[in-house]
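# Results of the structural survey
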Amino acid sequence: MLAPPLAPPRSAAVRTAYWTRLLPLLAALACVTRAPSFARPLWNPDEGYLAVQARILARGGRLYETVVDRKPPLVPWLYEGTFAVFGSGSLTPVRVLAVLAQLCTALLLASLARRRWGGTAGRTAGVLYLLVSVGLNPEDAQAATFEVFILPCTAAAMWCADRRRWGAAGAAVACAFLAKQTGGAVLVPVVWLLHRWGAPPGGVLRLSAGMAAPVLCVALVTDPAGFVFWTVTGVGAYASFTGSELHVLVRALANTAILAVACAGLIPPVVRALRVARTGATDLWLWLGSSAAAVAVGFHFFGHYYLQLTPAIALLATAALQLLPRERLVAAVRATACCCVLFLSWGLLAPRADLGHAQRLAAAVGDRTAPGDRVLVWGMHPETYWFAARTPASRYLTAGLLTNYSGGRNGPRVGEKYAVRGAWPVFRAELAAHAPALVVDDSRGKPYAPARVPGLRRLLTAEYEQVGQVDGAVLYARVTGE
């Protein structure tokens, strides 16, 4: 297939005027669409996990050693740097960075669309992206977590590849991977673009070097063995969904339906355009397809995974709309804006029961411990540590890594024997070296309750006594000898 037609060359003054007008519009829209993110101190446990990680790293901790997660380090480092400058008591500065990430993504998409289809298409792509980007459950769309920071990297990879800047494209792919492993899926359309331009040997070499250099540097800066284990070889158990098929299917269908509502104004013109013309957008379809595969990897289908689809959706809709009469374009943008208002209202008005629970539990932890005490929260809400300003007793911030409950599995593969390889010996050694002053059982009837975890049950029976409850969570204080 031939390359998509490029817009006619324009003078520097015309280009400057174009961006001078478009930048304020997209900046204002980015602020409006991310406004609900500032309405709550925290949106989901991923934000809490990152906040606790950042505090530990700021106090001299090391990623993959004193605190661990199945993620690359870019976003934890971003949180750590933000906390170093603005303090760790609020996520507002991180939320500002999320706004900038969304704005950057919109500008890159606008530039891609303008290069291919002209100025109107550029404006359309930027606006549609920002409108669609909030089209999920607010706790997924408004949180400043991994996927939000993947998106500018993936857009930059496509922008560079479209201009045959292969070294920079490779570096952008690497940054997307280092934000979250699934960000590397953008390599598929980037390689296709390289092939379309004839795959020159120099281009292949530059792309490969651009990808390899940042990843190798990060591995060396952290711990190479730990980096490989926690980002690649140690994530296999997380991808299993044995016994949870119906649970996973329902979540996948629900989140797909929610995003489809956000894109309701774009689906008809895309379908119509596919019937009447070829848009020359093979790379965009590959981008969408590889992103969909990234959403499916691990069989979890959480709503925030779907954010990775939105840049390709915006560009494909733009490609379709530029083939249709202007009134169709206006109608599609208007319908998408109405859907955006619906999701923004949801974000501003919907209650968050889990947030209130974590705050009440943190208050109880703060009342029963001193600032220097270590605490173990046995649950899936690490934000309790952050709200309580207490140090975790273990590098494992949730029970998920110790029981394979990560991802909300409701199947039978939950328990000590399904934990991350080697986790329990390390966990026992940590508790022996620094016994927590307070243990909080926040399982509340979940499959990882202490009654089903012998290692934790023995610890509680031998060394702790129940001292209180908060919303079903049980607090245990350490019994001190006379």
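Please refer to the structure placed before this passage.
Here goes a summary of the coordinates provided.

Conventions and cut-offs
Residues numbered from 1 in each chain as written. Predicted model: local features only at pLDDT ≥ 70, side-chain atom pairs only at ≥ 80, totals over all residues. Heavy atoms only, no water. Helix = DSSP H or I, 4+ residues; strand = E, 2+ residues; numbered from the N terminus. Contact = heavy atoms within 4.5 Å. Core = buried A, V, L, I, M, F, W, Y, C linked by side-chain atoms within 4.5 Å. Buried < 20%, exposed > 50% of the residue type's maximum accessible area, 1.4 Å probe, protein only. Pairing = 2+ DSSP bridges. Phe/Tyr/Trp six-rings, centres within 6.5 Å; stacked < 30°, edge-to-face > 60°. Lys NZ or Arg CZ within 6 Å of the ring centre and 35° of its normal. Right-handed = clockwise from strand over helix to strand, strands pointing away.

This brings us to the side chain of T105. Looking at where T105 falls in the secondary structure, it is placed in helix α4 (residues 92–117). Not counting chain neighbours up to four residues away, the residues in contact with T105 comprise Y129, L151, P152, A155 and P311.

Within the largest apolar cluster, 149 residues are counted, with the highest numbers of intra-cluster contacts made by Y79, Y306 and W378. The contacts of Y306, once residues within four sequence positions are left out, are L136, A252, N255, T256, L259, V295 and F301.

Moving on to the pairing of strand β4 (residues 464–470). Sheet topology note: the β4/strand β5 (residues 473–478) ladder contains six bridges and is antiparallel. What sits directly across from V470, in β5, is A473. The antiparallel pairing of β4 with β5 creates a hairpin that spans two residues between the two strands, and D471 there sits at a positive phi of about 55°.

Of note in the backbone geometry, A199 takes a positive phi value of approximately 45° without being a glycine. Mapped onto the secondary structure, A199 falls in the loop between α9 (187–196) and α10 (201–221). One non-glycine residue with positive phi stands out, namely R444, at about 45°. Within the secondary structure, R444 sits in the loop between β3 (438–441) and α21 (454–463).

Two numbers describe a pair of aromatic rings. These are the distance of the centres and the angle of the planes. The final tally for this structure, using the stated rule, is 11 aromatic pairs. Here the aromatic rings of W378 and W424 are separated by 6.3 Å at their centres, their planes lie at 55°, and the arrangement is tilted. Taken as a pair, W378 in strand β1 (residues 374–378) and W424 in helix α20 (residues 423–433) lie far apart in primary sequence, 46 residues in all. No difference in accessibility class separates W378 from W424, as the two residues are buried. Between the aromatic rings of W424 and F427, the centroid separation amounts to 5.1 Å while the plane-to-plane angle is 85°, which identifies the pairing as edge-to-face. Of the two residues, W424 and F427 both sit in helix α20, three residues apart, roughly one turn of that helix. There is no split in this pair, since W424 and F427 are both buried. Joined through ring pairs, the aromatic side chains of W378, W424 and F427 make up one cluster. Seen from the ring of F146, K71 lies directly overhead, with NZ or CZ sitting 5.1 Å from the centre. The ring of Y18 has R114 lying over it, and the distance from NZ or CZ to the ring centre is 4.1 Å.

Right, let's get into the sheet that holds β5. Spatially, β2-β1-β3-β5-β4 is the arrangement adopted by the five strands of the open sheet, whose pairing is mixed. Only two strands of the sheet have a single partner each, and these edge strands are β2 (391–392) and β4. Here β3 runs beside β5; their pairing, made up of four bridges, is antiparallel. Residue V440 lies in a different strand from β5, and its bridge partner there is L475.

Counting buried positions along β1 gives four out of five residues, so the element sits mostly inside the fold. For the crossover from β1 across helix α18 (residues 383–388) to β2, the handedness is right-handed. Relative to β3, β1 is paired through four bridges, and the arrangement is parallel. In the sheet register, L376 faces β3, and the bridge partner there is V439.

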